[in-house]
Amino acid sequence: VNWSTPFWLSVRVSLTATLIAAVVGIGGAYLLAKGRFWGRGLLEAMASLPIVMPPTVLGYYLLVVLGTNSVIGRTWESIFGSPIVFTVTGAVIAASIAALPFVLRTGRAALESVDPQLEQAARAAGLPERRVAWKVTLPLARRGLLAGVALGFARALGEFGATVMVAGNIPGRTQTMPIAVYDATQAGNDERAARLALVLMGIAVAVLLVVNRFSRAAP
Amino acid sequence: MTGKARIAVVVAILMIGVAACGNDSSSPNDASKPPPKITELLVAGASDLRPAFEEIGARFTKVTGTHVTFSFGSSGQLAQQVTNGAPFDVFASASVDHVDQVLASGHGDPKTKTTYAFGRITIWTSDDTENPPKRVSDLRDARFSTIAIANPGHAPYGVAAGQALKTADVYDAVEDRLVYGENVSDALRLATSGNADVAIVALSLSLATPDGQYTLIPAKDHEPLEQALVVLATASNRKAASQEFVAEISSPAGRRIMSRYGFRLPGDKEPTGTSGISGGGV
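Bear in mind that the values here come from a model prediction, so they are computed numbers and not experimental data.

### Digging into the overall build of chain A
Consideration 1: Along its length, chain A carries 11 helices and zero strands.
Consideration 2: Overall size of chain A, expressed as C-alpha extent along the three principal axes, is 65 × 40 × 30 Å.
Consideration 3: Going through the 219 residues of chain A one by one, you find that 48% of them count as buried.
Consideration 4: For chain A, the share of sequence-separated contacts (at least 6 apart) that also reach a separation of at least 24 residues comes to 69%.
Consideration 5: Accessible surface, chain A as shown: approximately 10800 Å² in total, 68% of it carbon and sulfur.
Consideration 6: Once the 19 positive and 10 negative side-chain charges of chain A are each reduced to a mean point, those two points are 8 Å apart.

Encoded structure:
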């Protein structure tokens, strides 16, 4: 298998980004649903920004924050020997940030829809708060959480604008499927563009079927 | 499958994804390890070079065993990427200015700055355009309601197209009908897809694109499209391989390919002819 084709590159980038978005997003969703702290509304708004912000704006800020002249970019380069921008790492970061709000928002709604009486019952039975979360809240919200993760995956897979700015269009390294569609179109290679577009469409439909299945009323 | 098992499966799939990402630590510009032979070169090329450079790259791979990966875009965009730290080994621009911009940012070896070709621009229309434009001033005709050029903000071929329109004194008349492509091959795509009636694009692309016709714009109507390149690689073995690739462009075989796509190399005579059938270079 050639792991550097746009298809496998996209699979790797979007799965890694989904994992990051799932961990951060579900953790954040729990915090937002259950926690009562100052700045909660602002935190949610900030985490949701990538949904409403043009991807190019995200790309611009990522270049500013992670670029080779930035503090983070320089520190990273001195530790790992290569920059963040124009590498697969940059593509993963862009896709993770794009995917995060979908996991977070869907996850928060799912966690808030869990019947508080069930959580109360668990507490009354003497379970500590952490066990209540693991044994009651998260399992009951799992359908909504998975729907959020699936949406996040779809968003990560489709990420284009920020990725092309932060990671460029380098075949075999950062040329993911959406970027390969763009590149094939520019090269006048319509057949390749159509083939790649069809694969992306197929995955999008599959993800929506999964999301619909999970989003149906909780068992 | 129980809920827990289902979640476990999802997590497992994600883990495999992460594991697949693990083997990606090798850096293209890593100077600490001295591999004797470079297996892959990364060349940033202006969009007008795509057809010619893909042939030269394939030839280079056959001769040296080194694979060449190209990243095509407008010279301005590529220069910006280099400035931001993109790991290209060679930057082949469509202008001298963008090479100077890259050098000014501290990237690339000034000693390797070379003019490797001179480009030309053409008026491209599709096969089914009757009475295609014979000169730039013909674009005044209202049937050409959409005229595609590369974005002059960052694409040298777009700058040249604008100059040619001004030389023919039609710029003001057609300004509202201009649409910008991201780069010169994007401008041509706007016309090949039928969304623009005509495109002012590189001769190299006109020669590589079937189902069209073109008229060559006189070279004196715009500033020369002097295409310069610079080697960016710093590790000695990568630099050597990059210079080998650069030498390939002006080798006899490289020259043949470049001239087939309408480029004039330093030392060549100015080509003759003013129009032709699109796709003639294929």
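Picking up where we left off.
### Section: the packing of aromatic side chains
Consideration 1: Evaluation of the coordinates by the stated rule reveals 11 aromatic pairs over all chains.
Consideration 2: On the numbers, 5.0 Å between centres and 65 degrees between planes, the contact of tryptophan 3 of chain A with tryptophan 8 of chain A is edge-to-face.
Consideration 3: Tryptophan 8 of chain A gets classed as partly exposed once you look at its relative accessible area, which sits at 29%.
Consideration 4: Arranged with centres 4.3 Å apart and planes meeting at 40 degrees, the rings of tryptophan 76 of chain A and phenylalanine 80 of chain A form a pair that is tilted. Residue tryptophan 76 of chain A and its partner phenylalanine 80 of chain A are both found in helix α4 (residues 71-80); the two are separated by four residues, about one turn of the helix.
Consideration 5: Here the aromatic cluster, defined as three or more aromatic residues joined through ring pairs, consists of Phe53, Phe60, Phe70, Phe72, Tyr116 and Phe245 of chain B.
Consideration 6: Taking the ring centre of tyrosine 171 of chain B as reference, the NZ or CZ of lysine 166 of chain B above it sits at 4.5 Å.

### What to know about the sheet that holds strand β2 (residues 67-73) of chain B
Paired through backbone hydrogen bonds, the strands of a sheet run either parallel or antiparallel to each other.
Residue and element names in this part refer to chain B.
Consideration 1: If you trace the five strands from one edge of the open sheet to the other, you get β2-β1-β3-β10-β4, paired in mixed fashion. Of all the strands in the sheet, just β2 and β4 (114-119) have a single pairing partner and so form its edges. Neighbour to neighbour, the strand axes of the sheet diverge by 20 degrees on average, direction disregarded.
Consideration 2: Strand direction decides the pairing type here: strand β1 (residues 40-46) and strand β3 (residues 90-92), joined by three bridges, are parallel. Its bridge partner being in β3, valine 43 is matched across the sheet by valine 90.
Consideration 3: Against the sheet, helix α4 (residues 97-104) contacts β3 and β10 (225-231), and its axis sits at roughly 30 degrees relative to β10.

### A look at the layout of surface pockets
Consideration 1: Space inside the second largest pocket adds up to approximately 920 Å³.
Consideration 2: What lines the second largest pocket is a set of 38 residues, among which Ala187, Gly188 and Asn189 of chain A together with Arg50 and Glu54 of chain B lie closest to the centre.
Consideration 3: Broken down by secondary-structure element, the contributors of at least two residues to the lining of the second largest pocket are α10 (177-186) and α11 (190-215) of chain A together with α2 (50-64), β2, β5 (121-126), α7 (184-192) and α8 (203-208) of chain B.

### Some remarks on the nonpolar core
Consideration 1: Phe53, Phe245 and Met258 of chain B are the most contacted members of the largest nonpolar core, which totals 67 residues.
Consideration 2: Residues in contact with phenylalanine 53 of chain B, not counting those within four places in the same chain, are Val43, Phe70, Phe72, Ala92, Tyr116, Phe245, Ile249 and Met258 of chain B.
Consideration 3: Core analysis: the second largest hydrophobic core is formed by 27 residues, Met53, Leu62 and Ile84 of chain A together with Ala44 of chain B among them.

### Re the packing of helix α6 (residues 116-124) of chain A against helix α7 (residues 129-140) of chain A
All names here are of chain A.
Consideration 1: Across the interface, α6 lies against α7 with an axial gap of 10 Å and an inter-helix angle of 150 degrees. With respect to each other, α6 and α7 are oriented roughly antiparallel. By crossing handedness, the relation of α6 to α7 is classed as right-handed. Residues Leu118, Glu119, Ala122 and Arg123 of α6 touch α7, and the partners they reach there are Glu129, Val132, Val136, Thr137 and Leu140.
Consideration 2: Each residue belonging to the contact of α6 with α7 can be placed in one class, and the counts come to five nonpolar, one polar and three charged.

### So, the sheet that holds β5 of chain B
Residues and elements named next belong to chain B.
Consideration 1: Pairing is mixed across the open sheet formed by six strands, whose spatial order is β7-β6-β8-β5-β9-β11. Of all strands in the sheet, those with a lone pairing partner are β7 (178-181) and β11 (275-277), marking the two edges. Within this sheet the neighbouring strands show an average axis-to-axis angle of 30 degrees, counted without direction.
Consideration 2: Of the pairings in the sheet, the one linking β5 to strand β9 (residues 212-216) comprises five bridges and is antiparallel in character. Bridge pairing in β9 links serine 126 to glycine 212.
Consideration 3: With respect to the sheet, α7 is in contact with β5, β6 (147-150), β7 and β8 (198-202), its orientation differing from that of β8 by roughly 150 degrees.

### Some words on the side chain of glutamine 227 of chain B
Consideration 1: Summarising the element assignment, glutamine 227 of chain B is placed in strand β10.
Consideration 2: Within the structure, the side chain of glutamine 227 of chain B is placed 2.9 Å from the side chain of tyrosine 116 of chain B, a separation counted as a polar contact.

### Some words on empty space enclosed by the protein
Consideration 1: Taken as a whole and assessed by the stated rule, the structure comprises two cavities of 30 Å³ or more.
Consideration 2: Looking at the largest cavity, the residues that line it are Ser10, Val13, Ser14, Ala91, Ala95, Ala156, Leu157, Glu159, Thr163 and Thr176 of chain A.
Consideration 3: Top contributing element to the lining of the largest cavity by residue count: helix α1 (residues 6-34) of chain A, with three residues.
Consideration 4: For the lining of the largest cavity, the per-class residue count stands at five nonpolar, four polar and one charged.
Consideration 5: Considered as a void within the structure, the second largest cavity measures approximately 50 Å³ in volume.
Consideration 6: As for the second largest cavity, its lining consists of Ala46, Ser47, Asp48, Gly73, Ser74, Ser75, Ala94, Ala155, Pro156, Tyr157, Asn183 and Val184 of chain B.
Consideration 7: Looking at side-chain class alone, the lining of the second largest cavity contains six nonpolar, five polar and one charged residues.

Parameters at a glance
- Residues numbered from 1 in each chain as written.
- Chains lettered and ligands numbered in written order.
- Predicted model: local features only at pLDDT ≥ 70, side-chain atom pairs only at ≥ 80, totals over all residues.
- Heavy atoms only, no water.
- Helix = DSSP H or I, 4+ residues; strand = E, 2+ residues; numbered from the N terminus.
- Buried < 20%, exposed > 50% of the residue type's maximum accessible area, 1.4 Å probe, protein only.
- Contact = heavy atoms within 4.5 Å.
- Areas by Shrake-Rupley, 256 points an atom, 1.4 Å probe, with all protein chains shown as cover.
- Lys, Arg positive; Asp, Glu negative; His and termini not counted.
- Charge placed at Lys NZ, Arg CZ, Asp CG, Glu CD.
- Phe/Tyr/Trp six-rings, centres within 6.5 Å; stacked < 30°, edge-to-face > 60°.
- Lys NZ or Arg CZ within 6 Å of the ring centre and 35° of its normal.
- Pairing = 2+ DSSP bridges.
- Axes fitted to C-alpha atoms, helices over the stretch in contact; angles between N-to-C directions.
- 1 Å grid on protein atoms, 1.4 Å probe; cavity = no way out; pocket = protein on both sides within 12 Å on 5 of 7 lines; lining within 4 Å.
- Points joined across faces, edges and corners; volume = space filled by probe spheres on them.
- Core = buried A, V, L, I, M, F, W, Y, C linked by side-chain atoms within 4.5 Å.
- Parallel < 35°, antiparallel > 145°, perpendicular 65-115°, else oblique.
- Left-handed = near helix turned anticlockwise from the far one by under 90°.
- Nonpolar A, V, L, I, M, F, W, Y, C, P; charged D, E, K, R; others polar.
- Polar contact = N/O pair within 3.5 Å; in protein donor to acceptor, adjacent residues only side chain to side chain.

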